[in-house]
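An overview of the molecular structure
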Amino acid sequence: MSAHTPPSAPRSLAEALRARDEASLAALLRSRPDLITPVPTDLTQLATRAGTRASVLRALERLDRFALQTAEALAVAPEPASYEILLGLMAGYARDETVAAALPRAVATLREQALVWGDDERLRLVRTARELLAPSAQHPSPTGLGPSVQEATAGMSPGRIQEIVGAAGLASTHDSVSAVGALTALFTHRKKMAALLAKAPEAAREVLSRLVWGPPYGQVTADPAAHLRWLLDRGLLLPTAPGTVVLPREVALHLREGRAHRTPEPLPPAVEPAATHGPQIVDATAAGQAYTALATVEELLKDWDEGGPAVLRAGGLSVRDLKRTAVALDVPEPVAAFWVELAYAAGLLASDGEADERYAATPAYDEWLERPPAERWARLAEAWLLATRTSGLVGGRDAKDRTLSALGPGLDRSAAPEVRQRVLTLLAGLPQGAAPSAESVLARLLWERPLRGPQRDGGTDDLRSRLARWTLSEAELLGVTGRGALSSQGRALLGAPAAAHPSAAAEPSGPGDKLPVHHRPGALPEPLSPTEQTVATAAAAQLLAPLLPEPLDHVLLQADLTAVAPGPLRRPLADMLGILADVESKGGATVYRFTPASVRRALDAGRAAADLHAFLTAHSRTPVPQPLAYLIDDVARKHGHLRVGAASAYVRCDDDALLNEILADKRAAPLRLRRLAPTVLAAPTDPATLLEGLRAMGYAPAAESAEGDVLITRANAHRTPPRTAPEPVPDGPPPPDATLLAAAIRAIRAGDLAATAPRKPSGGAPTGSELPRTSSAETLATMQAAVLTGESLWIGYVNAEGTASQHVIAPIRVEGGFVTAYDHTADEVRTYPLHRVTGVAELAED
């Protein structure tokens, strides 16, 4: 340990983790759940895992913009760097007060995430993070800075280095190391550097200004111009390859006034309201959208009630079937894809698994229909909020350039639930009735999760931005928002408090101050547990229920063969009216039209004319119009006069004149009818085709059985076998709950005790982390002595699978070839066979 290192300063990340309390370790494991999958054996293994490339990349991607800028500044700072050096890189020579005030929070975040360790005098970025963020020729730094003078001159000849030192006005040295040090000291001395640059030609200063904010590399010819030669001679530009020069980091920092970033962003951009509406208007609008959402899903599944579209060989819905669905729902195709995916996510729709596989409603759909409207909406809203399937991707291309289809594979995006939760949480932070602009929401999300790559500086075409835009539009379709503002039921769905402005938390004031995650600017709230989400969903349904219109038990019949439903209808009335009439228009009031075909459909379903008259009389607030009564009686009189059966198919009728009329009709030619008897015609086609053909000609035939009885054709509702809703695809391991965290920390601490407990030196005890080796007699004697004295021992153990491990135990009893002991490593009493103990060593008294 050096004289400048405080005795308490950790020498490694493992030591820094060892010094943490339980709450701090729990916060680390909660924010980086990949570190406990599986649970590490000790803190050294935890530190090793925290430094792996995959884990560090995941942690960096979950930093907010300012925390990431802080990590990028540490990557170009000397290692280790003091807090003051870091503050200079972030706040510049002028010491921006806003940056200075926010920096402690960023450092605390990096420490908590185990990306930075060490005290404020010796801050160290985890090696993997430094490799990812530090500048190199292959991977330029996000700061735009290039290599340091020492790195850029690593392959330069000593003579050339001395020439540069002399041209810069410095005394020559005896070796290259001191020469590079003197040049670095010159470039980091503000007054001397200003004096040197004051002598530079104007064209030379122009070159430096073009390189200062990056990229720091430029091209020169074999015979550079005079102003370039002036820069090269003094080391203000250094060659890195033939024809390529770089601006040294120290020179760029001087020109930047000490700042590593052109625009530090210490504070998240505010989500500003673009419009404000009354809370009652927002809730009423959202409730109307919620009712429309229920009606749309019901209409979709009713359309697929007898078996929906076929499943593609690769899975999913064909483009043609999606277009047909969009036409049936009277919505654009992307919106139709959203409703189809929503029904699937809620478990109401699935494939039937038959040989000719088709989509159909599930048995859960029938149960869903029987629930109150508010509860049905809440199920849809919860499924949407938690689903990883993303309907906005439908029609796009996957990595293999295949079209992504609705209900098909490749639509899961693990970030979708988090983005939806975050977008709605941002809306919940505004005053009730306030609707933000999409641009301000996107700007906030980009600050909280900045991109890593070409689009990281304000790009809006990345997946998270698209997910945010889809969230805003889908929330409006579903009724979670109304007029762009979060509704009361949407707020309840999130489990958000009713208050519009949450109380502000205190900011840290010094370098060592730390804040809990949920109090930090930019920190995302913890997702609700399944139990909490169930409670929140029930609360949302309770708030929505009084806002939905009450179902009606009547319609208004009109003389033009239409019926007007002035609101939602009760289910038996709606089902019967859907058979007896066709929907002509939708909106605030639904208009049904009665036609001969629709009346015949009701008669085919087994209703008699008297039943239809009684139904309309009971459910109409107006008298049944005479034209409608005549229509029903006329269709009923003709219904079943012709009989169609299987010959392949035949037509029989007691009126042979009617059969003559059919045979003479040119429209019957495609049916290829021929007379078998005066009252019977036969056709080489199936009965269903013959029925449709005769109906198209204006007749009203009825199907009959082999016994001659009229067949009643009822709607044959097709259902899949019981299906569960698709499980969300998580982004890595799920966050651990409190029980798992406590158990994992206890196991890690116990394993660390076994790995780091001091051992008494003995001839049989090895050094380092090797297992102790003692003879069987010595092992038995030491165990028996420990039972009497109550001391703890360090043992090596090999299990039945041949896996070696070490434990710290307190022996309780030794008998029958077994030792029963309290195992500090496992924090429980265990029994070990003595023949599997490789050796034993006593622990040092300290």
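Attention in this report is confined to the structure presented alongside it. These figures come from a predicted structure and were not determined experimentally.

**Focus on the overall build of the protein chain**
When helices and strands are tallied, the protein chain shows 33 helices and 25 strands. Per-residue burial for the protein chain yields a buried fraction of 47% across its 846 residues. Here the analysis covers contacts within the protein chain between residues at least 6 apart in sequence; of these, 67% occur between residues at least 24 apart. A total of about 40,400 Å² of accessible surface is found on the protein chain, and carbon and sulfur atoms cover 55% of it.

**Quick notes on the pattern of salt bridges**
Considering all chains together, one arrives at 33 salt bridges under this definition. Arg-62 is the partner of Glu-418 in a salt bridge, and the nearest nitrogen-oxygen pair spans 3.1 Å. Taken together, the residues Glu-418 in helix 21 (residues 416-428) and Arg-62 in the loop between helix 4 (53-61) and helix 5 (65-75) connect sequence positions 356 residues apart. A relative accessible area of 22% means that Glu-418 is categorised as partly exposed. The class of Arg-62 is partly exposed, set by a relative accessible area of 36%. With its nearest N and O atoms 2.7 Å apart, the salt bridge here joins Glu-341 to Arg-389. With a gap of 48 residues between them, Glu-341 in helix 18 (residues 333-345) and Arg-389 in the loop between helix 20 (373-386) and helix 21 connect regions that are remote in the sequence. In this structure, Glu-341 and Arg-389 share a single accessibility class: buried. Each member of the salt-bridge network shares a partner with another, and the members are Arg-62, Glu-418, Arg-449 and Arg-464.

**Quick look at unusual backbone geometry**
With an omega of 0°, the peptide bond running from Thr-37 to Pro-38 counts as cis. Take Pro-38: it is sitting in the loop between helix 2 (22-31) and helix 3 (43-50). Backbone torsion omega between Glu-79 and Pro-80 reads -5°, so that peptide bond is classified as cis. Unusually for a residue other than glycine, Arg-95 sits at a positive phi of about 55°. You can call Arg-95 partly exposed: its relative accessible area is 34%. You will see that Ala-114, though not glycine, has its phi angle at about 60°, which is positive. The topology assignment puts Ala-114 in the loop between helix 7 (97-112) and strand 1 (116-117).

**Quick word on the pairing of strand 21 (residues 793-798)**
Within strand 21, 5 of the 6 residues are buried, which leaves the element mostly enclosed by the surrounding structure. Of the strand pairs in this sheet, strand 21 and strand 22 (residues 804-815) are connected by 6 bridges, and their pairing is antiparallel. Each bridged residue has a counterpart across the sheet, and for Ile-795 the counterpart in strand 22 is His-807. Between strand 21 and strand 22, which pair antiparallel in sequence order, lie 5 residues; one of them, Gly-802, sits at a positive phi of approximately 85°. Alignment of strand 21 against strand 25 (residues 837-842), held across 5 bridges, turns out to be antiparallel. Paired with Trp-794 across the two strands is Ala-841, which belongs to strand 25.

**Some points on the nonpolar core**
In terms of nonpolar packing, the biggest core is built from 92 residues, with Phe-187, Leu-236 and Leu-237 touching the most fellow members. In terms of residue count, helix 5 provides more of this core than any other element does, 7 residues in total. Residues contacting Leu-237, with those up to four places away along its chain left out, are Val-207, Leu-208, Leu-211, Leu-228, Leu-231, Leu-232, Val-245, Val-246, Leu-247 and Pro-248. Core analysis: the second largest hydrophobic core is formed by 71 residues, Leu-322, Leu-348, Tyr-365 and Leu-427 among them.

**Here's the deal with helix 4**
Burial in helix 4 covers these residues: Ser-55, Val-56, Ala-59 and Leu-60. When helix 4 is viewed along its axis, its buried side chains cluster within an angular range of 135° and face the same direction. When the buried face of helix 4 is taken as reference, the exposed residues oriented beyond 90 degrees from it are Arg-53 and Ala-54. In this structure, the buried residues of helix 4 make contact with helix 3, helix 5 and helix 8 (127-133).

**Overview of the sheet that holds strand 24 (residues 828-833)**
Reading across from one edge, 24-23-22-21-25 is the order of the 5 strands in this open sheet, with antiparallel pairing throughout. Whereas interior strands pair on both sides, the edge strands pair on one side only; in this sheet they are strand 24 and strand 25. Neighbour-to-neighbour, the strand axes of the sheet open up by a mean angle of 45°, direction not taken into account. Most of the contacts of helix 33 (residues 776-789) go to strand 22, to which it runs at about 60°, and overall it touches strand 21, strand 22, strand 23 (818-823) and strand 25.

**A look at the side chain of Arg-32**
Position of Arg-32 among the secondary structure elements: in the loop between helix 2 and helix 3. Notably, Arg-32 is buried but unbridged: the nearest opposite-charge side chain belongs to Asp-34, and the N-O separation is 4.8 Å. Within the local environment of Arg-32, its side chain forms a polar contact with the side chain of Ser-55, the two groups lying 2.7 Å apart. Separated by 2.5 Å, the side chain of Arg-32 and the backbone oxygen of Gln-113 make a polar contact. Beyond its immediate stretch of four places on either side in the chain, Arg-32 contacts Ala-50, Ser-55, Val-56, Ala-59, Gln-113, Ala-114 and Leu-115.

**Looking at the sheet that holds strand 14 (residues 582-585)**
With antiparallel pairing, 4 strands are arranged side by side in an open sheet as 12-13-15-14. Only two strands of the sheet have a single partner each, and these edge strands are strand 12 (556-558) and strand 14. The mean angle between the axes of side-by-side strands here comes to 30°, regardless of whether they run parallel or antiparallel. Here 3 bridges tie strand 14 to strand 15 (residues 590-593), and the two strands are oriented antiparallel to one another. Bridge pairing links Asp-582 to Arg-593 in strand 15.

**Observations concerning the packing of aromatic side chains**
Under the defined criterion, the tally for this structure stands at 4 aromatic pairs. When the ring centre of Tyr-93 is taken as reference, the NZ or CZ atom of Arg-190 above it lies at 3.9 Å.

**Examining the environment of Ala-314**
Mapped onto the elements, Ala-314 comes out in the loop between helix 16 (279-303) and helix 17 (319-329). Between the C-alpha atoms of Ala-314 and Gly-408, which are 94 residues apart in sequence, the distance is 7.5 Å.

**Regarding the environment of Ala-536**
Positionally, Ala-536 belongs in helix 25 (residues 530-544). Judged by relative accessible area, Ala-536 falls into the buried class, the value being 7%. Those residues in contact with Ala-536 that lie beyond four places of it in its chain are Ala-492, Leu-493, Gly-495 and Leu-528.

**A few points about a negative patch on the surface**
A cluster of acidic residues, Asp-654, Asp-655, Asp-656 and Glu-661, forms a negative patch at the surface. Here Asp-656 is to be found in helix 30 (residues 656-664). Judged by its relative accessible area of 37%, Asp-656 falls in the partly exposed class.

**Some points on the packing of helix 16 against helix 23 (residues 463-478)**
Where helix 16 meets helix 23, the closest approach of the two axes is 6 Å, and the angle between their N-to-C directions is 85°. In terms of axis orientation, helix 16 runs roughly perpendicular to helix 23. Taking contact as the criterion, the partners of Gln-289, Ala-290 and Ala-293 in helix 16 are, on helix 23, Glu-476, Leu-477 and Leu-478. Residues of the contact of helix 16 with helix 23, tallied by class, amount to 4 nonpolar, 1 polar and 1 charged.

**Some details on the pairing of strand 19 (residues 680-683)**
Residues Val-680 and Ala-682 point to one face of strand 19 and Leu-681 and Ala-683 to the other, with burial holding for every one of them. In the sheet, strand 17 (residues 649-652) pairs with strand 19 via 4 bridges, with the strands oriented antiparallel. Residue pairing for strand 19: Val-651 is matched across the bridge by Leu-681. In terms of strand pairing, strand 18 (residues 674-677) meets strand 19 through 3 bridges, oriented antiparallel. Each bridged residue has a counterpart across the sheet, and for Ala-677 the counterpart in strand 19 is Val-680. Taking the residues between adjacent antiparallel strands as the criterion, strand 18 and strand 19 are bridged by 2 residues.

Analysis parameters
Residues numbered from 1 in each chain as written. Predicted model: local features only at pLDDT ≥ 70, side-chain atom pairs only at ≥ 80, totals over all residues. Heavy atoms only, no water. Helix = DSSP H or I, 4+ residues; strand = E, 2+ residues; numbered from the N terminus. Buried < 20%, exposed > 50% of the residue type's maximum accessible area, 1.4 Å probe, protein only. Contact = heavy atoms within 4.5 Å. Areas by Shrake-Rupley, 256 points an atom, 1.4 Å probe, with all protein chains shown as cover. Salt bridge = Lys/Arg side-chain N within 4 Å of Asp/Glu carboxyl O. Pairing = 2+ DSSP bridges. Core = buried A, V, L, I, M, F, W, Y, C linked by side-chain atoms within 4.5 Å. Arc of directions from axis to C-beta. Axes fitted to C-alpha atoms, helices over the stretch in contact; angles between N-to-C directions. Lys, Arg positive; Asp, Glu negative; His and termini not counted. Polar contact = N/O pair within 3.5 Å; in protein donor to acceptor, adjacent residues only side chain to side chain. Phe/Tyr/Trp six-rings, centres within 6.5 Å; stacked < 30°, edge-to-face > 60°. Lys NZ or Arg CZ within 6 Å of the ring centre and 35° of its normal. Patch = residues over 30% accessible without salt bridge, like charges linked within 9 Å, V, L, I, M, F, W, Y side chains within 5 Å. Charge placed at Lys NZ, Arg CZ, Asp CG, Glu CD. Parallel < 35°, antiparallel > 145°, perpendicular 65-115°, else oblique. Nonpolar A, V, L, I, M, F, W, Y, C, P; charged D, E, K, R; others polar.

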